[in-house]
Amino acid sequence: MNDPEIRQLLFKHLTRRKSIGETDIYEEVPLRTGQVRADIVLIGSYLECFEIKGPNDTLKRLLDQGNQYQETFEKIHLVCATKHINKVIHMVPKWWGIIEITQSGQVKNIQKAKNNPKRKIQGLVDLLHVDEAKNILKNSTHLGVSKLNHSHLRELLVEHLSEIELRVKIRQELAKRKWRWLPSQNAINQPHLNARTWAI
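Residues numbered from 1 in each chain as written. Predicted model: local features only at pLDDT ≥ 70, side-chain atom pairs only at ≥ 80, totals over all residues. Heavy atoms only, no water.

Trainee: Could you give an account of the pairing of strand E6 (residues 107-111), with specific residues and numbers?
Mentor: As judged from the four bridges shared by strand E5 (residues 97-101) and E6, these two strands associate in the antiparallel manner. When the sheet's bridge partners are listed, Glu100 is paired in E6 with Lys108. Joining the antiparallel neighbours E5 and E6 is a turn of five residues, in which Gly105 adopts a positive phi near 95°. (Pairing = 2+ DSSP bridges. Helix = DSSP H or I, 4+ residues; strand = E, 2+ residues; numbered from the N terminus.)

Trainee: Tell me about the layout of surface pockets, and name the residues and values.
Mentor: Taken as a whole, the largest pocket holds about 340 Å³ of empty space. Lining the largest pocket are 20 residues, with Arg17, Glu48, His77, Asn109 and Lys112 positioned closest to its centre. Of all the secondary-structure elements, those providing two or more residues to the lining of the largest pocket are helix H1 (3-14), strand E3 (47-53), strand E4 (75-81), E5 and E6. Here the residues of the lining of the largest pocket sort into six nonpolar, nine polar and five charged. (1 Å grid on protein atoms, 1.4 Å probe; cavity = no way out; pocket = protein on both sides within 12 Å on 5 of 7 lines; lining within 4 Å. Points joined across faces, edges and corners; volume = space filled by probe spheres on them. Nonpolar A, V, L, I, M, F, W, Y, C, P; charged D, E, K, R; others polar.)

Trainee: Describe the nonpolar core, with residues and values.
Mentor: In globular proteins that are soluble, nonpolar side chains generally tend to be buried together. Among the nonpolar cores identified, the biggest contains 37 residues, and Val41, Tyr69, Phe73 and Leu157 are the most heavily contacted of them. For this core, the leading source of residues is strand E2 (residues 36-43), giving four residues. In contact with Phe73, other than residues within four places in its own chain, are Leu31, Ala38, Val41, Leu47, Glu48, Cys49, Asn116, Arg119 and Leu127. (Core = buried A, V, L, I, M, F, W, Y, C linked by side-chain atoms within 4.5 Å. Buried < 20%, exposed > 50% of the residue type's maximum accessible area, 1.4 Å probe, protein only. Contact = heavy atoms within 4.5 Å.)

Trainee: Can you explain the pattern of salt bridges? Please cite residues and give values.
Mentor: Pairing between side chains of opposite charge can happen when the charged atoms of each approach one another. On inspection of all chains with the given rule, the structure shows 14 salt bridges. Residues Asp3 and Arg7 are paired through a salt bridge, measuring 2.4 Å at the closest nitrogen-oxygen approach. Of the two residues, Asp3 and Arg7 are both situated in helix H1; the distance of four residues between them amounts to about one turn of the helix. According to the relative accessible area criterion, Arg7 is buried, its value standing at 1%. A salt bridge links Glu71 to Arg32, with the shortest nitrogen-to-oxygen separation between them at 3.7 Å. Pair noted here: Glu71 is in helix H2 (residues 62-72) and Arg32 is in the loop between strand E1 (24-31) and E2, with a separation of 39 residues, a long-range link. Look at Glu71 and you get buried, because its relative accessible area is 19%. (Salt bridge = Lys/Arg side-chain N within 4 Å of Asp/Glu carboxyl O.)

In short, geometric facts, not functional conclusions.
Put into structure tokens, the structure is as follows:
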């Protein structure tokens, strides 16, 4: 079971949600200007992250990745091969979701995701490229932002926009990005049912 196949199984699993028609699914989403990449990001009723660990992946970077995800996402899910289950149950917080993908293609919910108690509003801004952050500030304030770096933009966005406003603006900016690499399309070249899937 390779990464693209796991993604396709996950997309099919997610389409069973009643709200999926109003949800955007994004692949390979950079955080903190590319320091970390989230495998799958789902923006719907919640801002959710799905980290994939296939049978050929190691768990060495999982905790470091998780620290960034915990600042940004309302819910975090670990999607992993059967061989990792016994280890990850003891590695990740109890509020992370754990989804098992078996070699035969079964999708099993091992642990339900709960609301992230460590999320920070500043973490939302980490989903944006610098130009996108500047664009939001230009359209929302009268501040001069042309020479500001990511850290300063992060502070100003949190200072001048509410969390609800940021969520709306981030969704809009993500939808504008050009499609690039779609790992899931290496498995089958068909659109994901009832969901818009983007790679950014």
